[in-house]
Amino acid sequence: MSINQKTPKFPCIDCHTDCCKEYTIFVNAHDVHRLSNGLNSKPETFLELIGAKDYSLGIKVEEGLVDLALKQNNGGCKFLEETDDVFRCTVNDFKPGVCKSYPFEMKNGKLSQMSDILCPTDWDLNGFKEMMMPHLKKDELEWKFYDVLVREWNSKHEGESLSKFLKFMLNQVELSLKVQ
């Protein structure tokens, strides 16, 4: 990083986006809200139901015990597009929090690089600390909100349709955003 630069170069610029091809992208309520608004589209057009990883946090709908993830297309995220032999995210301005934070995580309140990543390079933690810490904290709060929302749904509406859950979820996000 030169003296004139405030933030280091993003290694993603030279990457072949293996993370977008290899991982299932699980989403929370705020992610779905941002994508729905950004795409001006219903969640059903971009969400895929995955069998719940954690029974206690899975969404109990008539379709089964599920988690929400982004649909896949041609072996990668639905929103990954190839142009001139380079893959890039088509929803970058409102992509899910997990995508924004990759390959970082918080450990004991400090920024760290995930241990098992697909990145071809190590990231400069000091250079990205100022930018990533607020985002990681926000993402953590959004997942906690989502966990509470799913527990509330499961205790009051278990077995109702996915479309009812999605309406409930988006309504709860809207209400929370009005309070902030």
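Refer to the preceding data block for the structure.
Here is what the cut-offs are and how they apply
- Residue indices begin from 1 for each chain and proceed along its sequence in written order.
- Under the rules for a predicted model, residues below a pLDDT of 70 receive no local features and side-chain atom pairs below 80 are neither given nor counted, while totals for whole chains, interfaces and linings still include all residues.
- Hydrogens are left out, water is left out, and the side-chain values use all remaining heavy atoms of the structure.
- By definition, any uninterrupted DSSP run of H or I lasting at least four residues is a helix, any uninterrupted run of E lasting at least two residues is a strand, and each is numbered from the N terminus.
- Radius of gyration means the value over C-alpha atoms here, while the globule rule gives 2.2 Å times the residue count to the 0.38 power.
- Exposure is judged per residue with a 1.4 Å probe applied to protein chains only, and the accessible area is read against the type maximum: over 50% gives exposed, under 20% gives buried, and values in between give partly exposed.
- Note on definitions: a residue-residue contact is assigned when non-hydrogen atoms from the two residues lie within 4.5 Å.
- Using a 1.4 Å probe, accessible areas were evaluated by the Shrake-Rupley method; residue-level cover was limited to the displayed protein chains.
- Positive charge is attributed to Lys and Arg, negative charge to Asp and Glu, and no charge count is given to His or to the chain ends.
- Where a charge lies is defined by one atom per residue type: Lys uses NZ, Arg uses CZ, Asp uses CG and Glu uses CD.
- Orientation is described by axes fitted as lines to C-alpha atoms, over the contacting stretch for helices, and by angles from 0 to 180 degrees between their N-to-C directions.
- These descriptions rest on fixed angle ranges, namely under 35 degrees for roughly parallel, over 145 for roughly antiparallel, 65 to 115 for roughly perpendicular, and the rest for oblique.
- Residue polarity is assigned by list, with Asp, Glu, Lys and Arg as charged and Ala, Val, Leu, Ile, Met, Phe, Trp, Tyr, Cys and Pro as nonpolar; anything else, Gly included, falls into the polar class.
- Only Phe, Tyr and Trp rings take part, Trp by its six-membered ring, and two of them pair if their centres are within 6.5 Å. Stacked means planes under 30 degrees apart, edge-to-face means over 60, and tilted covers everything else.
- In this analysis, strands are considered paired if DSSP registers two or more bridges between them.

Student: Just to check I follow, could you spell out the overall build of the chain for this structure?
Tutor: Across its full length, the chain holds five helices and nine strands. Listed by position from the N terminus, the elements making up the chain come as α-α-β-β-β-β-β-β-β-α-β-β-α-α. The globule rule puts the C-alpha radius of gyration for 180 residues at 16 Å, and the 17 Å found for the chain is close to it. By its C-alpha atoms, the chain is 55 × 35 × 30 Å across when sized along the principal axes. Within the chain, buried positions represent 38% of all 180 residues. Sequence separation of 24 or more characterises 63% of the internal contacts of the chain that already satisfy a separation of 6 or more. Surface accessibility of the chain: about 10,900 Å² in total, with carbon and sulfur atoms responsible for 50%. Computed over 23 positive and 28 negative side-chain charges, the separation of the two mean positions in the chain equals 6 Å.

Student: Sorry if this is basic, but what is going on with the packing of helix α2 (residues 29-39) against helix α4 (residues 125-157) here?
Tutor: Angle between the axes and distance between the axes: these two values describe a pair of packed helices. α4 packs onto α2 with a crossing angle of 105° between their chain directions and a minimal axis gap of 7 Å. Comparing their axes, α4 and α2 come out roughly perpendicular. Residues A29, H30, D31 and R34 of α2 touch α4, and the partners they reach there are K138, E142, W143, F145, Y146 and L149. Grouping the constituent residues of the contact of α2 with α4 by class yields five nonpolar, one polar and four charged.

Student: I tried to follow the packing of aromatic side chains on my own but got confused; where do I start?
Tutor: The description of two aromatic rings rests on the distance between their centres and on the angle between their planes. Under the counting rule described, the total for this entry stands at five aromatic pairs. Ring centres 5.6 Å apart and planes at 90° place the aromatic pair W143 and Y146 in the edge-to-face group. Of this pair, W143 and Y146 both sit in helix α4, three residues apart, roughly one helical turn. By relative accessible area, which is 25% here, W143 ends up partly exposed.

Student: Would you mind showing me how to read unusual backbone geometry here?
Tutor: As a rule of thumb, non-glycine residues mostly have phi less than zero, and peptide bonds are mostly trans rather than cis. Looking along the chain, the bond that leaves Y102 and enters P103 is cis, with omega of 10°. Along the chain, the position of P103 falls in the loop between α3 (97-101) and β8 (104-107). Positive phi, normally seen in glycine, also occurs at N40, with a value near 50°. Tracing the backbone shows N40 in the loop between α2 and β1 (47-51). We note that N74 has phi near 55°; this positive angle belongs to a residue other than glycine. Tracing the chain through its elements places N74 in the loop between β4 (72-73) and β5 (76-77).

Student: Please clarify how the sheet that holds β1 should be interpreted in this entry.
Tutor: Pairing within the open sheet is antiparallel, and its three strands lie in the order β1-β3-β2. Strand pairing shows two members of the sheet lacking a second neighbour, β1 and β2 (59-61), which therefore form its edges. Averaged over all pairs of adjacent strands, the angle between their axes in this sheet comes to 55°, without regard to strand direction. By the bridge criterion, five bridges tie β1 to strand β3 (residues 64-70) in an arrangement that is antiparallel. Bridge pairing in β3 places G51 opposite V66.

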